[in-house]
Amino acid sequence: MDPRARRILITVFVLALAGGVVMSMLLPKRSPGGSPPPTAQPTQAVTQPPEPERSSETAAAGTSAATQESDPAGDTSADVPRAGEPAEPIAGLHAIAPPGEISAPGVAPLSLGSLEPRDHRMQVQLSRRGAGIKSIAYSNIWETAFAKRQADAHYEAVAAGRTPGDPLPDERWRYILQTEQPYKWYDGTANSWLTLTVPLLAVYRVEINGEHVPLLKESVWSQTAPGRFETRVVDDDDTPILHITRQLILGSNYDITFQQRLTNLTERSLEVRWVQYGPPELRLDRARYIDRRRDRIAFLQYPDTYPENINTDDNDYLFEHNPLLKRTDKARDLVDRAKKANVGVDSQKLNELLTLWPTQESLNENYELAWFAATNRYFALAVHPIIDAQGGGTRSLEDVVSEIRTEAPGNKKDPDRIAFTTLYSPKRAIAPGEEAAFDLGVYAGPLDREILGKEEPFKSLKMQGLILYQMSSFCAICTFQWLAKGLLWFLSGVHFVIRDWGLAIILLVVVVRTLLHPLTKKAQVNMQRFGKVMGDLKPEIEKLQKKYKDEPKKLQQEQMRMMRERGVNPFQMLGCLPMFLQMPIWVALYAMLYFAFELRHEPALWGFFQLFWNWPFLADLSSADHFFWEFDEPFTFLKFFNVTGINFMPILMGLVFFFQQKYMAPPPSPSMTKEQIQQQKIMKVMMVVLFPIMLYSAPSGLTLYIFTSSLFGIIESRHIRKHIKDVDLTPPKPKPQAKRKPKDPQARAFADAIDRAKAKRRPPAKHFKKRKG
């Protein structure tokens, strides 16, 4: 192959590889869909199949075999306080529904809240299955900016006593935080996948003296009041053993209180352990540009000395969606290999893979759990301890949740598969006739700074730490949280004055470019100086190239020597240095625009474009610009890009990049070969094409910033070039290097003696002057 063609191919390959790496970091990794072939048996799940109902319906989802058969690390019966005689197994324990059901058989349980914004912020649909939640829907939070505008106009008309011109948006545009999720497991006998619906935060089971009593069954619960569920555990003789009450109370700040009480109905002490489902992974954002669903854990780092010091920013306790699924898949593979080899499972390794809390570090350092949450781009579902309105109460959740485990049942190839979590309480002793409380607080709302940072109990629990301006844990080192928060603070301040986020972003561009102008000017002058000097050196460089054509290392050394002698610094050609200095701002701004709930559904230019037939262009700075239209149903392109509309800003940005390259790119160096010049041209073209493709579905606020900054850069570059004629482009002469004296004292004294002897031999200057007359 011709060397020139080989170099060009290598350059294209490297650029394509780099672009693929960047896209793999920024774009969601989705597994190909599809069901298992009928002739091949899929990988078995770690979990056991759910326990059957007494009827033909299956109704209890399993947890891992290791969890079923062994206690978690650090949780042994010796740690449990005794309140009477030692715990003994009770045979035949099962749960029954007590009398007092308020709804007719087969009728769905009542809901809490409503979809009327004047009364409630959300509506919580309940389920008898595990006394859990069927769905959580918001009264005035919508999927799209268009639906939000329509709803706002409707409610404004109603508030003003006018007849609304438009009805409320269709229910499919209402934002649903999460719904009950399908739990799938493989039935080897039937060679098919079976599915069980698991409500949110449902009760899985209760352990009494080591015996497991399933509570996920729908038939064992009675709803005795709105949001109040009751069940009773009896033995073989139907003798009451334990009465369980679960009361859900809806608050006014997207909060739900779970009052979970267990009453001992026997005359002996019972050792109980409460097991329920935790927050599952939430729904993807409609744009689906980047999948940033996460599980977050906050903990008390010094519970004894600083009981209010909550650590919320430890990336070791941040679990992203794709790594979490891979983690559970490793556990499944571990179980499968053990089954095939007919050996026992490595329980320690299995626990390490499936246990999110506690970790070995948390056990060694005596950390205590503060709260646990599942988040997506804008919303969170979190469990936390009960704190009163004045911020009083313990910040520790350890009495209710001592262990958190995860699993991702279902076909590994299912792109909609999510990770479930299960919460385990410590073992607790209940004396005869006494009641034990396993109360939990739940936050099911937006990642809003005003709520999480100022309202109780979220303020005392530092739940503002749920808001993380970070694209991934891999990018944590390059995303400065203080910078992202500072940018949001600046934008919020400007928005408070001019009432527009788009103009605030443009003003941010002006401020940043103004601050960087001296550096930009210096870089451009140095770039022009470098080009002029290299043009003057071109004949000499050509001579060196001919002289050392077979010695590339020697040629490079001679060229560097020549540049040093002429006072030329090769790094002066870095005219793009200001752009690199803006990269941290771009990264922080990108993360801030992507995660800031304040910018969700906010238009640019006071919604000017929406005055024209509800034109969706720049109607939502947190999503793509939608220049032509916004699709009702997004579609995936090339398995990477989730397209929600036809966008124009990335294309316009590519054109601006082209002109920016023309005005700001450093000129080719005379020392460059033809192949190197060709490679530089290819890189310019690739950058002009690659950036618009990568940012096609990016938030329009980010594309607006980059577009404005690039346009500002072109104008700034033309202004600098007009005044560059008055600048002396001659490089300063290199300063003669001072002679270094030896460090050794004797050698320094000898050198000084030699200098003095030379000075004595040197004739005085006056002997060389001509005498007058």
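Preceding this section is the structure that the text describes.
What counts, and where the lines are drawn
- Residues numbered from 1 in each chain as written.
- Predicted model: local features only at pLDDT ≥ 70, side-chain atom pairs only at ≥ 80, totals over all residues.
- Heavy atoms only, no water.
- Helix = DSSP H or I, 4+ residues; strand = E, 2+ residues; numbered from the N terminus.
- Buried < 20%, exposed > 50% of the residue type's maximum accessible area, 1.4 Å probe, protein only.
- Contact = heavy atoms within 4.5 Å.
- Areas by Shrake-Rupley, 256 points an atom, 1.4 Å probe, with all protein chains shown as cover.
- Pairing = 2+ DSSP bridges.
- Axes fitted to C-alpha atoms, helices over the stretch in contact; angles between N-to-C directions.
- Parallel < 35°, antiparallel > 145°, perpendicular 65-115°, else oblique.
- Left-handed = near helix turned anticlockwise from the far one by under 90°.
- Nonpolar A, V, L, I, M, F, W, Y, C, P; charged D, E, K, R; others polar.
- Patch = residues over 30% accessible without salt bridge, like charges linked within 9 Å, V, L, I, M, F, W, Y side chains within 5 Å.
- Salt bridge = Lys/Arg side-chain N within 4 Å of Asp/Glu carboxyl O.
- Core = buried A, V, L, I, M, F, W, Y, C linked by side-chain atoms within 4.5 Å.
- Phe/Tyr/Trp six-rings, centres within 6.5 Å; stacked < 30°, edge-to-face > 60°.
- Lys NZ or Arg CZ within 6 Å of the ring centre and 35° of its normal.
- Expected span 1.5 Å × (residues − 1).
- Polar contact = N/O pair within 3.5 Å; in protein donor to acceptor, adjacent residues only side chain to side chain.

S.K.: Run through the overall build of the protein, naming residues and quoting values.
M.R.: A count of helical and extended segments in the protein gives 16 helices and 29 strands. Taken across its 773 residues, the protein has 49% of its residues classed as buried. When contacts within the protein are restricted to residue pairs at least 6 apart in sequence, those whose partners lie at least 24 apart make up 69%. Approximately 38800 Å² of the protein is accessible, and the part contributed by carbon and sulfur atoms is 57%.

S.K.: Please provide a residue-by-residue account of the sheet that holds strand β7 (residues 174-179), values included.
M.R.: Across the sheet, which stays open at both edges, the four strands sit in the order β4-β5-β6-β7 with antiparallel pairing between neighbours. The two strands at the open ends of the sheet, each matched to only one other strand, are β4 (111-113) and β7. Geometrically, the sheet is characterised by an average inter-axis angle of 20 degrees between neighbouring strands, direction not taken into account. Note that β4 and strand β5 (residues 122-126) share three bridges and pair antiparallel. Across the sheet, the residue bridging to Gly113 is Gln123, located in β5.

S.K.: How would you sum up the environment of Glu602? Please name residues and give values.
M.R.: By secondary structure assignment, the location of Glu602 is in the loop between α12 (577-595) and β28 (630-637). For the pair Glu602 and Asp500, spaced 102 residues apart in sequence, the C-alpha separation works out to 8.4 Å. Aside from chain neighbours lying at most four places away, what touches Glu602 is Trp501, Ala619, Asp620 and Leu621.

S.K.: Please provide a residue-by-residue account of the packing of helix α10 (residues 538-547) against helix α11 (residues 552-565), values included.
M.R.: Axis separation between α10 and α11 bottoms out at 10 Å; the angle between their running directions is 160 degrees. On the basis of the axis angle, α10 is roughly antiparallel to α11. In this structure, the crossing between α10 and α11 has a hand that is right-handed. Contacts from Glu540, Ile541, Leu544 and Gln545 of α10 reach α11 at Leu555, Glu558, Gln559 and Met562. Here the contact of α10 with α11 is composed, by residue class, of four nonpolar, two polar and two charged.

S.K.: Lay out the environment of Tyr469 in plain terms, naming residues and giving numbers.
M.R.: Along the polypeptide, Tyr469 turns up in the loop between α7 (449-454) and α8 (481-498). Relative accessible area serves as the criterion here: at 2%, Tyr469 is assigned to the buried category. Taking the C-alpha atoms as reference, Tyr469 lies 5.4 Å from Met592; in sequence the two are 123 residues apart. Residues contacting Tyr469, with those up to four places away along its chain left out, are Arg449, Thr479, Gln481, Ala484, Lys485, Leu488, Ala591, Met592, Phe595 and Ala596.

S.K.: Lay out a nonpolar patch on the surface with the relevant residues and their values.
M.R.: A grouping of Leu507, Val510, Val511 and Leu515 is seen on the molecular surface, where their side chains present a nonpolar patch of about 320 Å² in accessible area. Along the polypeptide, Val511 turns up in helix α9 (residues 501-536). The exposure class assigned to Val511 is partly exposed, which follows from its relative accessible area of 31%.

S.K.: Please give an account of the nonpolar core that cites residues and values.
M.R.: With 133 residues, the main nonpolar core has Ile133, Val206, Leu242, Met592 and Tyr705 as its most contacted residues. For this core, the element with the highest residue contribution is α12, accounting for 10 residues. Beyond its immediate sequence surroundings of up to four residues, Ile133 is in contact with Val124, Gln125, Leu126, Glu180, Pro199, Leu200, Leu201, Leu248, Ile256 and Phe258. One finds Tyr183, Tyr204, Leu216 and Phe420 within the second-largest nonpolar core, a separate group that totals 12 residues.

S.K.: Describe in detail the packing of aromatic side chains, supporting the description with residues and values.
M.R.: All told, the structure shown has 30 aromatic pairs when counted by the stated rule. Aromatic side chains Tyr183 and Trp185 sit 6.5 Å apart centroid to centroid with 45 degrees between the ring planes, which places their arrangement in the tilted category. Take Trp185: its relative accessible area is 5%, and that puts it in the buried class. Between Phe299 and Tyr367 the ring centres are 4.5 Å apart and the planes differ by 20 degrees, which places this aromatic pair in the stacked class. Remark: Tyr367 occurs in the loop between α6 (360-365) and β21 (368-375) and Phe299 occurs in strand β17 (residues 294-302); sequence separation between them is 68 residues. Here the two residues Phe299 and Tyr367 agree in accessibility, since each one is buried. Taking the ring centre of Tyr175 as reference, the NZ or CZ of Arg283 above it sits at 5.1 Å. Lying across the ring of Tyr594, Arg377 places its NZ or CZ 3.8 Å from the centre.

S.K.: Run through unusual backbone geometry, naming residues and quoting values.
M.R.: With an omega of 0 degrees, the peptide bond running from Trp357 to Pro358 counts as cis. Looking along the chain, the bond that leaves Glu456 and enters Pro457 is cis, with omega of 10 degrees. Following the sequence through the fold, Pro457 ends up in the loop between α7 and α8. Phi at Leu201 takes a positive value of approximately 55 degrees, unusual for a residue other than glycine. Within the fold, Leu201 resides in the loop between β9 (192-198) and β10 (203-208). For Leu201, a relative accessible area of 2% puts it in the buried group.

S.K.: Which residues make up the packing of helix α4 (residues 321-341) against helix α5 (residues 347-354), and what are the values?
M.R.: Packing of α4 against α5 brings their axes to within 8 Å, and their N-to-C directions diverge by 160 degrees. Between α4 and α5, the angle falls in the class roughly antiparallel. Along this stretch, α4 crosses α5, giving a crossing that reads as left-handed. Listed contacts from α5 to Arg327, Thr328, Lys330, Ala331, Leu334 and Val335 of α4 are Lys349, Leu350, Glu352, Leu353 and Leu354. Residues belonging to the contact of α4 with α5 are distributed by class as follows: six nonpolar, one polar and four charged.

S.K.: How would you summarise α8 if you had to cite specific residues and measurements?
M.R.: In this model α8 runs 25 Å from its N-terminal to its C-terminal C-alpha over 18 residues, within 8% of the 26 Å that 1.5 Å per residue would give. Positive phi shows up at Arg499, right after α8, with a value of about 60 degrees.

S.K.: Give me the lowdown on the pairing of strand β13 (residues 228-234), citing residues and values where you can.
M.R.: Counting buried positions over the seven residues of β13 gives five, a clear majority of the element. Summarising the sheet, strand β3 (residues 94-96) and β13 pair through three bridges and their orientation is antiparallel. When the bridges of β13 are listed, Ile96 appears paired with Arg232. In terms of strand pairing, strand β12 (residues 222-225) meets β13 through three bridges, oriented antiparallel. Its bridge partner being in β13, Gln223 is matched across the sheet by Phe229. What sits between the antiparallel neighbours β12 and β13 is a turn of two residues, in which Gly227 has the positive phi angle 80 degrees. The pairing of β13 with strand β14 (residues 240-250) spans seven bridges and is classified as antiparallel. When the sheet's bridge partners are listed, Val233 is paired in β14 with Leu242. The turn linking β13 back onto β14 is made up of five residues, and Asp238 within it adopts a positive phi angle of 60 degrees.

S.K.: Let's hear about the side chain of Asp285: which residues, and what values?
M.R.: Of note, Asp285 is situated in the loop between β16 (270-277) and β17. Assessed through its relative accessible area of 15%, Asp285 is described here as buried. Looking at Asp285, its side chain comes within polar contact range of the side chain of Arg377, at 3.2 Å. Excluding its chain neighbours within four sequence positions, the residues that come into contact with Asp285 are Arg377 and Tyr378.

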